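# Descriptive analysis of the structure
Each chain, written out:
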Amino acid sequence: FNPASVFHGVAYTESLFALASFVGCLCVARGRRNIATAVFFVAAATRSNGVLLATHLLWDLLDRVILRAWGKSAFARKRRAIETPGSEIGVSPPAEDDSAAKGAAGKVPARFADAAAYSAAGDAMKLLASIAACVARCGVVALAPYLVDRDARKAYCGAGRRVGDRRPWCDDARTPAYAFIQSRYWNVGFLRYFERKQLPNFLLAAPMLVVASHATWQHFCGTQSKRERRDAYGLHGRNARAHFIVCGAVAFACFFFARVEVATRLLSTSPAVYWHVAHHGRGGGSRSFTHDSEDDAESFGANRERFQRAWCVYSLSYLAVGALLFPNFYPWV
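## Section: the overall build of the chain
- A count of helices and strands for the chain gives 13 helices and 0 strands.
- The order of helices and strands in the chain, counted from the N terminus, is α-α-α-α-α-α-α-α-α-α-α-α-α.
- The 333 residues of the chain split such that 34% are buried.
- Of the contacts made within the chain by residues no fewer than 6 positions apart, 65% connect residues no fewer than 24 positions apart.
- Total accessible area computed for the chain in this model is approximately 20,700 Å², and 62% of it derives from carbon and sulfur atoms.

Following this line, the structure appears as structure tokens:
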């Protein structure tokens, strides 16, 4: 269940942002990075936090090019260490082996040595090209909020506007219009929302913040089994890492900087939240599922059912209350 379904069912930005976010992540997973960049651009133009979706492009580069290339070079070093006598214990190989190796190296045709050098140079050029392409794609995604702000300045700060109609942020080119609105009217800023009167809003956002924080913590710091760590396509695999980075970043920003009650809306577009809930709801987690007795197994099953029931009750209650308050212009996030 999505607790913020009331916002996804009306003419709000959540549904479009969720669609662009999910499609872009799917394109990254399938290697269609240019299409993903275009879709992430739409997401970033829809909501300012869409800039964080560029994390998927950065992680794709890091995992696909840099980490795997480093892994291959590390494997090659280990292989040479095993094949070279005495290299693992810091002992130089015998002189006869060294001379034999030099003799063998001297017999290698020059064209093969040149080909190896060209191959190394080609790999370096491919790496630089991949890095440049990734930086360009991230720049395109980050360009979306700038274009939205420029359009706002053109509409509200143009030459045809009267001096009294100009907004205070028109004379400050360094302050985006949306940042001015958040700071001036919504009290957005580091720890500025930590007031006693905001305690109900913190309680309202607590369930989603707790789930998102626990999901991020368990993904990076949990005690997963070796099989879970090696499964690149599993919940704790490296292919899901960018999702948990974005999830943790959004939760952190909502708690310390933004209006904390919007955390439910912003995190409702994070797949990591639903993966985490489904994983624990079906009996997943960081602990082993071998139980010493039938009582332990029964207790574990009861806890799992309670977790499933609690999440369903929370989601449906949030949806029901929001469906009553939000259309009637009562305070609701």
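After that view, the rundown keeps rolling.
## Some remarks on the side chain of D149
- Relative to the elements of secondary structure, D149 occurs in helix α6 (residues 110-156).
- Residues within four places of D149 in sequence aside, it is in contact with P176 and A177.

## Considerations on the state of the cysteines
- The final tally for this structure, using the stated rule, is 1 disulfide.
- In this model C157 forms its disulfide with C170; the gap between the sulfur atoms is 1.8 Å. The sign of the S-S torsion, about -70°, decides the handedness of the disulfide formed by C157 and C170: left-handed. In this pair, C157 sits in the loop between α6 and α7 (177-185) while C170 sits in the loop between α6 and α7, placing the two residues 13 residues apart along the sequence.
- A disulfide-free cysteine, C247 has its sulfur positioned 10.0 Å from the sulfur of C254, the nearest such atom.

## Here's the deal with the environment of A272
- Turning to its location among the elements, A272 is positioned in helix α12 (residues 271-281).
- On the basis of relative accessibility, which here comes to 0%, the residue A272 falls in the buried class.
- Spatially, the C-alpha atoms of A272 and R241 are 9.2 Å apart, while their sequence positions differ by 31 residues.
- Ignoring any residue separated from it by four or fewer positions in sequence, one finds A272 in contact with A215, H243, F244 and C247.

## Quick word on α12
- Counting buried residues in α12 gives 8 out of 11 residues, a clear majority hidden from the surface.
- All buried positions along α12 are accounted for by P271, A272, V273, H276, V277, H279, H280 and G281.

## A look at the pattern of salt bridges
- Evaluated as defined, the whole model comprises 7 salt bridges.
- Between E14 and R265 there is a salt bridge, and its shortest N-O distance comes to 2.9 Å. You can see E14 sitting in helix α2 (residues 13-29) and its partner R265 sitting in helix α11 (residues 263-267), a full 251 residues away along the chain. There is no split in this pair, since E14 and R265 are both buried.
- Measuring nitrogen to oxygen at the nearest pair gives 3.2 Å for the salt bridge that ties R259 to E261.
- Look at R259 and you get partly exposed, because its relative accessible area is 25%.

## A closer look at the packing of aromatic side chains
- In this structure the tally under the stated criterion is 16 aromatic pairs.
- Measuring from ring centre to ring centre gives 5.3 Å for Y12 and F326, while their planes differ by 90°; the resulting arrangement is edge-to-face. With Y12 in the loop between α1 (5-8) and α2 and F326 in the segment after α13 (294-325), this pair connects stretches of sequence that are 314 residues apart.
- Taking relative accessible area as the criterion, F326 reaches 17% and is therefore assigned buried.
- Directly above the aromatic system of W186 lies the positively charged group of R259, at a separation of 5.2 Å from the ring centroid.
- Taking the ring centre of F7 as reference, the NZ or CZ of R265 above it sits at 4.8 Å.

## Thoughts on the packing of helix α8 (residues 199-221) against α12
- Taken N-terminus to C-terminus, the directions of α8 and α12 make an angle of 80°; their axes are 9 Å apart at the nearest point. What the angle tells us is that α8 and α12 run roughly perpendicular. Across the interface between the two elements, M208, V211, A212, H214, A215 and Q218 from α8 touch A272, V273, H276, V277 and H280 from α12.
- Across the contact of α8 with α12, the residue classes break down as 7 nonpolar, 4 polar and no charged.

## What to know about the confidence of the model for the chain
- Mean pLDDT over the chain: 78, with 71% of residues reaching 70 or higher.
- Helix α3 (residues 33-46) holds the highest mean pLDDT among the elements of the chain, 96, whereas helix α5 (residues 95-106) holds the lowest, 47.
- Contacts of residues 111-115 to residues separated by more than four positions or lying in other chains number 0 contacts, the stretch itself having pLDDT below 50.
- This stretch, residues 286-293, has a pLDDT under 50; its non-local contacts, to residues over four places away or in other chains, come to 8 contacts.

Quick notes on the rules
Residues numbered from 1 in each chain as written. Predicted model: local features only at pLDDT ≥ 70, side-chain atom pairs only at ≥ 80, totals over all residues. Heavy atoms only, no water. Helix = DSSP H or I, 4+ residues; strand = E, 2+ residues; numbered from the N terminus. Buried < 20%, exposed > 50% of the residue type's maximum accessible area, 1.4 Å probe, protein only. Contact = heavy atoms within 4.5 Å. Areas by Shrake-Rupley, 256 points an atom, 1.4 Å probe, with all protein chains shown as cover. Disulfide = S-S within 2.5 Å. Salt bridge = Lys/Arg side-chain N within 4 Å of Asp/Glu carboxyl O. Phe/Tyr/Trp six-rings, centres within 6.5 Å; stacked < 30°, edge-to-face > 60°. Lys NZ or Arg CZ within 6 Å of the ring centre and 35° of its normal. Axes fitted to C-alpha atoms, helices over the stretch in contact; angles between N-to-C directions. Parallel < 35°, antiparallel > 145°, perpendicular 65-115°, else oblique. Nonpolar A, V, L, I, M, F, W, Y, C, P; charged D, E, K, R; others polar. pLDDT = per-residue confidence, 0-100.

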